[in-house]
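A closer look at the structure
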Amino acid sequence: MENDQMISPTDIITGIVYIDGELAMLTLTADGELRSTENGLRHSLSMKKDVLGFVVQGKRIRVKAVVEKDEGICCGRFSGDFVRKDLVFEPLIDQNGWCDSLRQYLDSLGRPKRLLVFVNPFGGKKSAREIFDKEVKPLFDDADVQLEIQETKYQLHAKEIVKSIDVSNYDGIVCVSGDGVLVEVVNGLLERADWRTALKLPIGMVPAGTGNGMIKSLLDTVGLQCCANSATISIIRGHKRSVDVATIAQGNTKFFSVLMLAWGLIADIDIESEKFRWMGSARIDFYALQRILCLRQYNGRIIFLPAPGFESYGQPASCSLYKEPTVSDKALGYQGPDTKFEDLEWKEINGPFVTIWLHNVPWGAENTLTAPAAKLVLLSLMRQLSSGTHVESPYIAYLKVKAFVLEPGALIDEPGKEGIIDSDGEVLARGKRTYNCDKKALMSYDKLQITVDQGLATLFSPEY
Ligand SMILES: Nc1ncnc2c1ncn2[C@@H]1O[C@H](COP(=O)(O)OP(=O)(O)OP(=O)(O)O)[C@@H](O)[C@H]1O
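The notes below deal with the structure included here.

Conventions and cut-offs
- Residues numbered from 1 in each chain as written.
- Predicted model: local features only at pLDDT ≥ 70, side-chain atom pairs only at ≥ 80, totals over all residues.
- Heavy atoms only, no water.
- Axes fitted to C-alpha atoms, helices over the stretch in contact; angles between N-to-C directions.
- Helix = DSSP H or I, 4+ residues; strand = E, 2+ residues; numbered from the N terminus.
- Parallel < 35°, antiparallel > 145°, perpendicular 65-115°, else oblique.
- Left-handed = near helix turned anticlockwise from the far one by under 90°.
- Contact = heavy atoms within 4.5 Å.
- Pairing = 2+ DSSP bridges.
- Near = heavy atom within 4 Å.
- Polar contact = N/O pair within 3.5 Å; in protein donor to acceptor, adjacent residues only side chain to side chain.
- Buried < 20%, exposed > 50% of the residue type's maximum accessible area, 1.4 Å probe, protein only.
- Patch = residues over 30% accessible without salt bridge, like charges linked within 9 Å, V, L, I, M, F, W, Y side chains within 5 Å.
- Areas by Shrake-Rupley, 256 points an atom, 1.4 Å probe, with all protein chains shown as cover.
- Salt bridge = Lys/Arg side-chain N within 4 Å of Asp/Glu carboxyl O.

**Focus: the packing of helix 8 (residues 265-272) against helix 9 (residues 282-293)**
Between two packed helices, both the angle of their axes relative to each other and the distance between the axes serve to describe the pair. At a closest axis distance of 9 Å, the pairing of helix 8 and helix 9 adopts a crossing angle of 130 degrees. Considered as vectors, helix 8 and helix 9 are oriented oblique to each other. Note that helix 8 runs across helix 9; the crossing there is right-handed. Seen from helix 8, the contacting residues are L265, D268, I269, D270 and E272; seen from helix 9, they are R283, I284, Y287, A288, R291 and I292.

**Structural notes on the pairing of strand 2 (residues 22-28)**
Here strand 1 (residues 13-19) runs beside strand 2; their pairing, made up of 7 bridges, is antiparallel. Bridge pairing in strand 2 links I19 to E22. Counting the residues that bridge the hairpin from strand 1 to strand 2 gives 2 residues, and of these D20 lies at a positive phi of roughly 55 degrees. Pairing geometry for strand 2 and strand 3 (residues 33-38), over 5 bridges, is antiparallel.

**Observations concerning the site of the ligand**
With respect to spatial proximity, 22 residues lie near the ligand, and among them G124, T152, G178, G180 and E184 are the closest. Between an oxygen atom of the ligand and a main-chain N or O atom of G178, the distance comes to 2.7 Å. R283 is positioned such that a nitrogen or oxygen atom in its side chain is 2.9 Å from an oxygen atom of the ligand. Per element, the largest residue contribution to the shell around the ligand is 4 residues, and it comes from helix 4 (residues 179-190).

**Things to note about the side chain of R301**
Checked against the element boundaries, R301 lands in strand 16 (residues 298-306). Judged by its relative accessible area of 14%, R301 is buried. Separated by 3.0 Å, the side chains of R301 and S318 make a polar contact. Here E348 takes part through its side chain, which lies 2.6 Å from a polar atom of the side chain of R301. Beyond its immediate stretch of four places on either side in the chain, R301 contacts S318, C319, E348, I349, N350, F353, V405, L406 and E407.

**Quick notes on a nonpolar patch on the surface**
Taken together, the side chains of I16, Y18, L23, L92 and I93 present a nonpolar region at the surface, about 500 Å² in accessible area. Structurally, the position occupied by I16 is in strand 1. You can call I16 partly exposed: its relative accessible area is 44%.

**A short note on the pairing of strand 14 (residues 253-257)**
Judged by how many residues are buried, strand 14 sits mostly within the fold: 4 of 5 residues are covered. Pairing geometry for strand 13 (residues 240-250) and strand 14, over 5 bridges, is antiparallel. Residue pairing in the sheet places A246 in a bridge with S257 of strand 14. Once strand 13 ends, the chain turns through 2 residues before running back antiparallel as strand 14, passing G251 with a positive phi of about 60 degrees.

If you want it as structure tokens, here you go:
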């Protein structure tokens, strides 16, 4: 704290104001600091980091701000990393000048002003609407963001909507949901004829599902909690980052994935635990334990193109990525990466496998899981999942690949029973005698290939 406040010719606006009934000097500096000196003490708010917006209340101006809270403070039911720290001041003169300066500075930050918001009332513990009303909407209102709210009414509703929206009407799309709606939005945008433009629209996530792996990955990287408060503030601040999109193809059928593909144990836990949806995210741990105690092993083969540094894994493959069938002229949307992989050095590993898990982001869900070959080892590895140390286990082969082919087989001790292939929480293929095997799936339980386009989609993200 300093006693004096230097005025610089580059300051945007400066003047005497009342704060809490006391006279104070307030300045908006050129680099976006809102600095006040009151009773010799200096306080400041960063327009970029702390300030959401402002509102005129009679002669006063209320600057709505949030600051990162100190560790140990808990603010009731909805926890988060931020607490409110509004600044209320009354300029002695030129209230309009203050409003114009604050508005212009906020506008110069390139934050989103118009958002299409999907709220999935069905996801997770069915609390998305409550999360949206109590935590998300008030913050967007403070930041003066216009919202077009769309509650999803059925599966694939969000995908259907984004396929036909006028993308120029929005600065972004927000999903108050789990990862499922995010994936629908990405797939919907990629199926548009104008997918290149449409994919530039940033997508924001507010965790309100069982699987919130994408937003967990983004927030955790900068030490923020995976909660609605931190996620919404990140969207308001408007920073973006690009994420890889994997194309999973089986003939002409395609699915675009941003998180992961799983087969075997992980898919079985993810999909079969649906029976325990009422437990919230605990259903995953609960069912994982059951599945590990009655472990299944699957026949099959994986063929892959190792990334640099991972060439020693597997043996030379007897075949490579299959050739794409010619795309019909009617297929207008994105068709996957253009890269040609045929003549490269493919490797293969033959089963049996407990699970195959392909990941695009570090976190599959808020409390991830992966697994090797023995029950006791699996149980001890479960405890390591939250730290990620499971990848060091000798029972796990952890490798980076540029392209991948999965040939899924049947259970080794029950050849008439097959498995489930799951991508981003959705069932891609259901084999014979699996859970809900009479339900329709996008692909058949057969060979499929995965290729990646780096940085294809744009997400709202905390600043790194
Ligand atoms: N009103 C609705 N009724 C039923 N399903 C819906 C509705 N709205 C959206 N869905 C579907 O719910 C699925 C799961 O959504 P979301 O990812 O938001 O939640 P989640 O809890 O993380 O998912 P899950 O629990 O299935 O892992 C999506 O496939 C979505 O299409």
